[in-house]
Amino acid sequence: MENTSNYGLKRWDGGDRILHTEFNDNWDKIDTAIKGSEDKAAAALQTALASCGNCKIVYGTYTGTGKSGSANPNKLTFDGKPVLVIVQEEKQTADMDINLRMLRPCTWAQGAATNDNWVNAVTWGAAQVQWYSRNDYAPTQFNEAGKKYYYLALLDAAV
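To start, this report covers the structure provided alongside it. (Residues numbered from 1 in each chain as written. Predicted model: local features only at pLDDT ≥ 70, side-chain atom pairs only at ≥ 80, totals over all residues. Heavy atoms only, no water.)

1. Observations regarding the sheet that holds strand β6 (residues 99–103)
Within a sheet, neighbouring strands are paired by backbone hydrogen bonds and run either parallel or antiparallel to one another. Counted only if it meets this: Pairing between two strands requires that DSSP report at least two bridges joining them. Only DSSP runs of H or I with at least four residues qualify as helices, and only runs of E with at least two residues qualify as strands; both kinds are numbered from the N terminus onward. Orientation is described by lines fitted to C-alpha atoms, with helices fitted over the stretch in contact, and by angles between N-to-C directions that extend from 0 to 180 degrees.
Read from one edge of the open sheet, 4 strands run β3-β10-β5-β6, paired in antiparallel fashion. This sheet does not close on itself; its edge strands, each paired only once, are β3 (55–63) and β6. If you compare each strand with its neighbour and ignore which way they point, the axes differ by 15° on average. Pairing analysis gives 5 bridges linking strand β5 (residues 81–89) to β6, with the strands arranged antiparallel. Within β6, the residue paired with V85 across the bridge is M102.

Here you go:
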């Protein structure tokens, strides 16, 4: 009987008797080799990711309440400092591409570039952003009752 050169697995000739212990030993060696390779790959990936970029991407949804204006701002809270937040209504018509883009440290955000009615006042906190429609209208505040909204945020990873 011979052994393989890399992992020392048992090799049998056609007339050799195969023993369960030798067979199981081969599987144990293969399992250990694969696990070691996976662990090394995972560690290398973590190291590579740690040196990539300076932000964390988070996303989620919220459902509109129908409230609007300075007394009823929308608020999103994160586990870090948001630097860019984009809000998009779930269902829109094909000819309507409106989203709200809020960029720190700007104190306003416009939902549609051609319509001043979509301007929202924005306030930034250490781990949150708040906004409200300056014309006190829930749809332009991205807070229409019962509608689902998606958000995407970039958080400062350097903090």
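There's more to say after this.
2. What to know about the nonpolar core
Defined as follows: Within this scheme, the nonpolar core is defined by two criteria: the residues are buried Ala, Val, Leu, Ile, Met, Phe, Trp, Tyr or Cys, and they are joined through side-chain atoms within 4.5 Å. Relative accessibility under 20% of the residue-type maximum defines a buried residue, over 50% an exposed one, and the middle range a partly exposed one, all with a 1.4 Å probe and only protein chains included. Throughout, a contact is declared for two residues whenever any of their heavy atoms are within 4.5 Å.
Core analysis: the largest hydrophobic core is formed by 20 residues, its most contacted members being F78, V85, V87, M102, V129, W131 and F142. The set of elements that each furnish at least two residues to this core consists of β3, β5, β6, β8 (119–124), β9 (128–133) and β10 (148–156). Among the elements that take part in this core, β10 stands out by supplying 4 residues, more than any other. Setting aside anything within four residues of it in sequence, one finds W131 in contact with Y62, P73, N74, L76, V87, L100, M102, N120, A121, V122, Q141 and F142.

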